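Spelled out, the chains give:
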Amino acid sequence: MPIRLRLALIVTLVASMLVLLGGAAFETNLSGGMRATLKDFLRRSAHRLERDLADHRVLLADTTRPVHPVNDQSILQVLLRTGRVAYTTTRAGTETLVTAAERRAALRNPIFVQRSHSGWHDPRLVLVETVPGRPNLVVVVGASLDELTNARSRLLQALFIAGPLVVAIVGVGSWLLAGVALRPVERLRAEAMAISTSDPDRRLAAPSTRDEIARLAHTLNGLLDRLQGAIARQREFVAVASHELRTPLAVVRAEVELAQRPCRTDGEMRASLDAIGSRIAQLVRLSDDLLLLASSDEGALALYVANQDLEPLVAGSLQSLSPTAESRGISLLLDAELGVRAPVDAVRFQQVIDNLVANAMD
């Protein structure tokens, strides 16, 4: 999946979660705030009814006669401790709005309950509390939850409409923004694709922004420099190998052609075979040298350095090359001081001595 698409999907998912969480938090705060406001209104209404009771502006019904509702659209009731309705409005009705358990709970602390009624179109929030100084009276005050319900409904409707629209805008914006942000990377990719072995000196154009894209360009240019150096060393290695191997191979080919001629004497055949053997030994040494050179170029050459005498190492190399030297009429003599020590790799040091002596004999 392209990075641009992944970024757009991630941003869209995060935006969706933020819209959902933000909408839920806003709805919770809105509902809590409106409910708190409604509770404050019910408390003020209850205190006003309690003042009217104290000032005798509200008259309670006699216990021997049924209560007559007062023509008022407010939801107000005054209950005796026994549960009988002593005062009510037409909207509240003549039936008590609270249960006996709720009346008993209100004797200790004011409580809020939610009620439905056959004469109401929507639920009501009801405050139940006792009248200060008159614990035998319980005041019941209610208010409609219609505004709270409508506000929540409008909020949810707005979220269902505006939420997906906001998420879509954020998703498209993140897609476009990711395209703009990744455009320099795409340009670097196109430039890197255009670089070939026929144009090894070409490099990527690093922007002057000093950001991650610029560091990436400098890193790729450094990689191209190292690759160019490796290719140059490889070409040099091939050139050296072909040059060094051309002469002994030509000699071997010539000696083979001479050996194949008719009427060759045994002495001539042995001379040709000796020459071929000598050149094959030279080819072996050259192959070892080239492998050593290749290992050192690749950084894979392992050295085991130790402080040791040099005279035995040189003597061993001369002894191994003595048969070849004698066949050519060459005498190998060692004139070295005893006890000379140096930190060297014995195997590599003998290879160097072998190469020097072999080249001197050729």
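Residues numbered from 1 in each chain as written. Predicted model: local features only at pLDDT ≥ 70, side-chain atom pairs only at ≥ 80, totals over all residues. Heavy atoms only, no water.

Some words on the overall build of the chain
Helix and strand counts for the chain stand at 7 helices and 7 strands. Helices and strands in the chain line up, N terminus first, as α-β-β-α-β-β-β-α-α-α-β-α-β-α. A buried classification covers 28% of the 362 residues belonging to the chain. Considering only contacts in the chain between residues 6 or more positions apart, those separated by 24 or more positions represent 55%. As presented, the chain carries roughly 23400 Å² of accessible surface, and 60% of it is formed by carbon and sulfur atoms. (Helix = DSSP H or I, 4+ residues; strand = E, 2+ residues; numbered from the N terminus. Buried < 20%, exposed > 50% of the residue type's maximum accessible area, 1.4 Å probe, protein only. Contact = heavy atoms within 4.5 Å. Areas by Shrake-Rupley, 256 points an atom, 1.4 Å probe, with all protein chains shown as cover.)

Some thoughts on the side chain of threonine 89
Inspection of the secondary structure puts threonine 89 in the loop between strand S2 (85–88) and helix H2 (100–108). Excluding residues that lie within four positions of it along the chain, threonine 89 makes contacts with Pro69, Val70, Asp72, Ser74, Ile75 and Leu76.

Thoughts on the nonpolar core
The biggest cluster of nonpolar side chains holds 20 residues, and the ones touching the most others in it are Leu42, Leu49, Leu53, Val78, Tyr87, Val139 and Val141. Those elements giving two or more residues to this core turn out to be helix H1 (3–54), strand S1 (75–80), S2, strand S4 (124–131) and strand S5 (134–144). When residues in this core are grouped by element, the largest group, 5 residues, is from H1. In contact with valine 139, other than residues within four places in its own chain, are Ala46, Leu49, Glu50, Leu53, Gln77, Leu127, Val128, Glu129 and Val131. If you look at the next biggest cluster of nonpolar residues, it comprises 15 residues, including Ala92, Ile111, Val113 and Val138. (Core = buried A, V, L, I, M, F, W, Y, C linked by side-chain atoms within 4.5 Å.)

Quick look at the confidence of the model for the chain
Detailed reading of predicted coordinates is not advised where the pLDDT is low. On average, residues of the chain carry a pLDDT of 78, and 88% of them reach 70 or more. Per-element mean pLDDT across the chain ranges from 70 in helix H5 (residues 266–297) up to 88 in S4. (pLDDT = per-residue confidence, 0-100.)

Points about the sheet that holds S1
Across the sheet, which stays open at both edges, the 5 strands sit in the order S2-S1-S5-S4-S3 with antiparallel pairing between neighbours. Lying at the two open borders of the sheet, with one neighbouring strand each, are S2 and strand S3 (111–115). In this sheet, neighbouring strand axes are inclined to one another by 25 degrees on average, regardless of whether the strands run parallel or antiparallel. Relative to S2, S1 runs antiparallel, the two being bridged by 3 bridges. Within the sheet, the bridge partner assigned to glutamine 77 lies in S2 and is threonine 88. Strands S1, S2, S3, S4 and S5 of the sheet are contacted by H1, whose axis makes an angle of about 40 degrees with S4. (Pairing = 2+ DSSP bridges. Axes fitted to C-alpha atoms, helices over the stretch in contact; angles between N-to-C directions.)

Quick notes on the side chain of glutamate 102
Structurally, glutamate 102 can be placed in helix H2. Judged by its relative accessible area of 14%, glutamate 102 is buried. If sequence neighbours within four positions are ignored, glutamate 102 has contacts with Ile111, Val113, Arg115 and Val128.

Section: unusual backbone geometry
Of note in this structure, histidine 56 is not a glycine but carries a positive phi near 65 degrees. Position of histidine 56 relative to the elements: it lies in the loop between H1 and S1.

Observations regarding the packing of H1 against helix H3 (residues 146–194)
Here H1 crosses H3 at 160 degrees, and the two axes come no closer than 8 Å. In terms of their interaxial angle, H1 and H3 are classed as roughly antiparallel. Between H1 and H3 lies a crossing of right-handed hand. Partitioned by chemical class, the residues of the contact of H1 with H3 number 21 nonpolar, 8 polar and 5 charged. (Parallel < 35°, antiparallel > 145°, perpendicular 65-115°, else oblique. Left-handed = near helix turned anticlockwise from the far one by under 90°. Nonpolar A, V, L, I, M, F, W, Y, C, P; charged D, E, K, R; others polar.)

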